[in-house]
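Listed here are the chains, written in short residue letters.
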Amino acid sequence: MAVVEVRNGFKYYGNPKKPAIILNGLNMTVMRSSIYGLLGASGCGKTTLLSCIVGQRQLNSGEIKVLGLKPGLPGSGIPGPRVGYMPQDIALVEQMSIKEIIWYFGRIYGMTDEDIFDKFIMLKNLLELPPPQRLIGNCSGGQQRRVSFACAMIHIPEILILDEPTVGLDPILRERIWDFLVEITKTTKCAIIITTHYIEEARQANCIGLMRSGVLLAENSPEEILTKYGCNSIEDAFLLLSQKQGKSDEAQKSIIKEQTQNSNTPIQVITSETNEKIATLQTGEEFRFKKRMSFQEQRAPGFIGTFHFTSTRRMKALLAKNWVQFVRQSSSMAFVFIFPLLSLIPFFLAIGKTPKGIEIGIVNEEASLQQCYDETLVTVTRFNDSCEFSKISCRFMQNIDQDITIPVYYSSEAEAYKAANEAQVAGYIRFSHNFSEAMQSVLDERQFTEDWNINNFQILVRLDMSDQQIAYHLERKLHEAYKSFMQDIMVDCGIPKHFANIPVHFLKPIYGSFDEEYQKFIIPGILITIVFFIVTLTTASTFISERADGIWDRTLVAGISTSEMLLAHIISQSLIVIIQCFEVIFFVAFVFNVQSNGDSALLIWLLVSIGFCGMLFGLLISIYSTSHTVANFVTTGAFYPMIILSGILWPLEGMNSFLRHAVKLLPFTLPIISARNIIEKGWSITDLDVSKGFIAIGIWIFIFAVLCVFGLRRRS
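**Q** It is not clear to me how empty space enclosed by the protein should be interpreted in this structure. Could you clarify?
**A** In this approach a probe as big as a water molecule rolls over the atoms, and the regions it shows empty are the leftover space. Enumeration according to the criterion identifies 2 cavities of 30 Å³ or more in this entry. Approximately 70 Å³ is the volume found for the largest cavity. Around the largest cavity sit Ile360, Ile362, Tyr373, Met397, Ile400, Gln402, Thr405, Pro407 and Tyr409, which together line it. When residues of the lining of the largest cavity are traced back to their parent elements, those giving at least two are strand 10 (358-364) and strand 13 (405-409). Top element by residues in the lining of the largest cavity is strand 13. It accounts for 3 residues. A class-by-class count of the residues in the lining of the largest cavity yields 7 nonpolar, 2 polar and no charged. Volume-wise, the second largest cavity comes out at about 50 Å³. Looking at the second largest cavity, the residues that line it are Thr539, Phe543, Leu566, His569, Ile570, Gln573, Met615, Leu616 and Leu619. Secondary-structure elements contributing two or more residues to the lining of the second largest cavity are helix 18 (514-549), helix 20 (562-591) and helix 21 (600-624). The element that contributes the greatest number of residues to the lining of the second largest cavity is helix 20, accounting for 4 residues.

Rendered as structure tokens:
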């Protein structure tokens, strides 16, 4: 009985007008309880043919039947437990141990732990596997290939497909594996398809298919091939047939064009070996099988239509694999849980804090440095009706915040000006030689004082305006020092405090506290962007790595649907996102004492929604990206526009009217406004400006989910 039948199989990649033909009218038959050796040079189409047999790829035309059914048909078991597949690549999770990876495949094949253990002991002895607790990543190449072989054999399938299983193994072990395969076909109904570069070892196969340029040159037993072509070795026969075949990779472009216009009509491929039409018809067995299926089972397999195929055992295996893979990658753990904290620490330590240690020049013409710091100095002497001031400029200097400024004393204004001009200091302050007398005159005579007293009473301040933020803070601190200075004097002299508001013309009043307010303004955006983009990068990296390493495809061949794998990753990543959000909120609250005036649970809910959106965005990037480099470029390219335009660094009111409304369509803009209203105003979700953020992120989650479904279906 034939278990695999391929008739007029045709497969190409690329543009139909200039196709890269992989399979060209290929015909193949594999019988039950036999070994089929598929031989051919690299690039001849062997791996593509095997992927079509296991249902991972579809032929452009022609027909494949495996166990009497079309691969991929719901209920066919292929992909699934009826087939065992060892790909050419290792395709194993390096972070898992040998025992864990074999148990993983055994469980998704539906085996009990007792059966897995029995088969594992047998395969361990046969293949001389390393200790069960050794990680796959710590095994040599040959050891990894033996473990890969064990994963394909753990459930003794009806069809075993081995793509280059003996590469890198020593001759003694290769011979033992072939003896084992021969024994399997004698004692079970298992059919084995094996590809190998070691052509002569395939003489132990029951049937050999010699393949070149997508066509089987011969399909006979080893003895028949040697007899028919008069050769002493299979390798000589293969070389002889290759020379006779000539060009066999040409196809009629008109036929390919016809197929693209009507995908339901199988195309006819004309080669040097065949000139017959093969109709794609369902057998009676297929018809009866479909008739028994329910409406849901007849739905095309895809992201939505296969959720009901999952089981608790399979889902546990997938979740365990994801968890082990994540926990044993120290770099991933650090990036997910430590990097957010490392990003927040410099933000709170550097952004929005008052500058300190600013050097400013002091030119005091009425008192020397020693006199100002003399502990016996009395600056205010009170009499019955008046006060007498002496070197009152020293009193002013004592009111300047010493944490903010570091005074540098100069003997003349010329020296101070030169130092400021050369950026040695941020500016300088000058007191006139009769500052105390002028101040006393102003307070005593008030509006009747002479102009020269008003001029000498003024404090000359010159600041370096090239750094406006530093100048701003210095100016504000000097205002605070002047206000405190005047109030102290009024108290000492018994003068009403409103006289402390005598204007000082060169010091322009500045209102508000820029540093603390700006930090509160930017915190919500920082939290949201950290959660979103870290989850985006980890999700994209995870999916790209699994595809690149072959783990994704191998798990699909084992019968796990795309829906099940996505669901397992969503559950795993969601748990990580929740932990990460709690970690960030508690870190900000307890380490930097940033308290939310609103419901913390509502804020965490918003952050988790943002993380879930980032997870779908990362999945979307991984679907359309071919490598980690491309994914990083896309993520970085999306990061900076969102940071600049979403109102994180500056209020939306600073933009022009059109851009202000356009940026509200970005994923971050409205959620950031919601987070600000929760943290600062204590608003709940019933407030419109809070609920808008949740609605916006929900819409983006839906958009990313639809795009992911579309992309996955397109790839499959």
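From this point on, the discussion continues.
**Q** For this particular structure, what's the right way to read helix 5 (residues 171-187)?
**A** Since there are 3.6 residues in each turn of an α-helix, residues three or four apart along the chain are aligned in direction. Here helix 5 contains 17 residues, and its C-alpha end-to-end distance of 25 Å stays within 8% of the 24 Å for a straight helix at 1.5 Å per residue. For helix 5, the complete set of buried residues consists of Leu173, Arg174, Ile177, Trp178, Phe180, Leu181, Val182, Ile184 and Thr185. In this structure, the buried residues of helix 5 make contact with strand 3 (35-39), helix 3 (113-127), helix 4 (141-153), strand 6 (159-163) and strand 7 (191-195). Near the N-terminus of helix 5, the side chain that reaches the backbone nitrogen of Ile172, with its oxygen 3.1 Å away, is that of Asp170.

**Q** Please explain the environment of Gly550 as it appears in this structure.
**A** As for its position among the elements, Gly550 is in the loop between helix 18 and helix 19 (551-557). Gly550 sits in the buried class, given a relative accessible area of 15%.

**Q** Explain the packing of aromatic side chains here, please?
**A** Pairs of aromatic rings are described using the distance from one ring centre to the other and the angle between the two planes. All chains considered together, the criterion is met by 25 aromatic pairs. On the numbers, 5.6 Å between centres and 65° between planes, the contact of Trp103 with Phe120 is edge-to-face. Highlighted residues: Trp103 in helix 2 (residues 98-108) and Phe120 in helix 3, separated in sequence by 17 residues. No difference in accessibility class separates Trp103 from Phe120, as the two residues are buried. With centroids separated by 5.4 Å and ring planes inclined at 85°, the aromatic side chains of Phe396 and Phe485 adopt a geometry described as edge-to-face. Of this pair, Phe396 sits in helix 13 (residues 393-399) while Phe485 sits in helix 17 (residues 468-493), and the two are 89 residues apart along the sequence. This pair shows no difference in class: Phe396 is buried, exactly as Phe485 is. Counting every residue linked through ring pairs, the aromatic cluster contains Phe532, Phe533, Phe617, Phe639, Tyr640, Phe668, Trp700 and Phe704. The side chain of Lys99 reaches across the aromatic face of Trp103, ending 5.3 Å from its centre.

**Q** How should a negative patch on the surface be read in this particular structure?
**A** Taken together, Asp444, Glu445, Glu450 and Asp451 make up a surface patch of like negative charges. Following the sequence through the fold, Asp444 ends up in helix 15 (residues 435-445).

**Q** Please explain the layout of surface pockets as it appears in this structure.
**A** When its volume is computed, the second largest pocket comes out at roughly 610 Å³. Forming the walls of the second largest pocket are 33 residues, and the residues nearest its centre are Gln329, Ser332, Thr538, Ser541 and Thr542. Residue assignment for the lining of the second largest pocket shows that the elements contributing at least two residues are helix 10 (312-327), helix 11 (330-350), helix 18, helix 20 and helix 22 (628-645). It is helix 18 that contributes the most residues to the lining of the second largest pocket, 9 residues altogether. Here the residues of the lining of the second largest pocket sort into 15 nonpolar, 15 polar and 3 charged.

**Q** Got a minute to help me understand the pairing of strand 6 in this structure?
**A** For strand 6, the buried fraction is high: 5 of the 5 residues fall into the buried class. Residues Ile159, Ile161 and Asp163 point to one face of strand 6 and Leu160 and Leu162 to the other, with burial holding for every one of them. Sheet topology note: the strand 5 (residues 83-86)/strand 6 ladder contains 4 bridges and is parallel. From the neighbouring strand, Gly84 faces strand 6, where its bridge partner is Leu160. Examined bridge by bridge, strand 6 and strand 7 share 5 bridges and lie parallel to one another. Directly across from Ile159, in strand 7, lies its bridge partner Ala191. Once you follow strand 6 into helix 5 and on to strand 7, the crossover reads as right-handed.

Each value, and the rule that gives it
Per-chain numbering applies: the sequence of each chain, read as written, is numbered from 1 onward. Where local features are concerned, this predicted model is filtered to residues with pLDDT of at least 70; where side-chain atom pairs are given and counted, the filter is 80 or more; whole-chain, interface and lining totals use all residues. Side-chain metrics rest on all non-hydrogen atoms present in the structure, leaving aside hydrogens and water. Think of a 1 Å grid over just the protein atoms. A cavity is a set of points where a 1.4 Å probe fits yet cannot get out, a pocket is an open set with protein on both sides within 12 Å along at least five of seven lines, and lining residues have an atom within 4 Å of a point. Grid points are joined across faces, edges and corners, and a volume is the space filled by probe spheres set on the points. Each helix is a run of DSSP H or I of at least 4 residues and each strand a run of E of at least 2, with the numbering of both proceeding from the N terminus. Three residue categories are used. Nonpolar comprises Ala, Val, Leu, Ile, Met, Phe, Trp, Tyr, Cys and Pro, charged comprises Asp, Glu, Lys and Arg, and polar comprises the others, including Gly. Any helix carries an expected span of 1.5 Å times its number of residues minus one. Categorising residues by exposure relies on relative accessible area from a 1.4 Å probe, with only protein chains included: less than 20% of the type maximum marks a residue as buried, more than 50% marks it as exposed, and the intermediate range marks it as partly exposed. Residues count as neighbours in contact if any of their non-hydrogen atoms are within 4.5 Å of one another. Within 3.5 Å is the distance limit for a polar contact, defined as a pair of N or O atoms, with the added protein rule that one can donate a hydrogen and the other accept it, and that residues adjacent in sequence qualify only through two side-chain atoms. Between 30 and 60 degrees the pair is tilted, below 30 it is stacked and above 60 it is edge-to-face, where a pair is any two Phe, Tyr or Trp rings, Trp via its six-membered ring, whose centres lie within 6.5 Å. Should the NZ of a Lys or the CZ of an Arg lie within 6 Å of a ring centre and within 35 degrees of the ring normal, that charge is described as sitting over the ring. Patch rule: a residue counts if its relative accessible area is over 30% and it has no salt bridge; like charges are joined within 9 Å, and nonpolar side chains (Val, Leu, Ile, Met, Phe, Trp, Tyr) within 5 Å. Per-residue and other accessible areas follow the Shrake-Rupley method at a 1.4 Å probe size, with only the shown protein chains counted as cover for residues. Criterion for a salt bridge: a side-chain nitrogen of Lys or Arg within 4 Å of a carboxyl oxygen of Asp or Glu. When charges are counted, Lys and Arg are positive and Asp and Glu negative, with His and the chain ends excluded. Charge placement uses NZ in Lys and CZ in Arg. For Asp and Glu, CG and CD serve respectively. Should DSSP find at least two bridges between two strands, the strands are taken to pair. Call a crossover right-handed when, viewed with both strands pointing away from you, the route from the first strand across the helix to the second goes clockwise.

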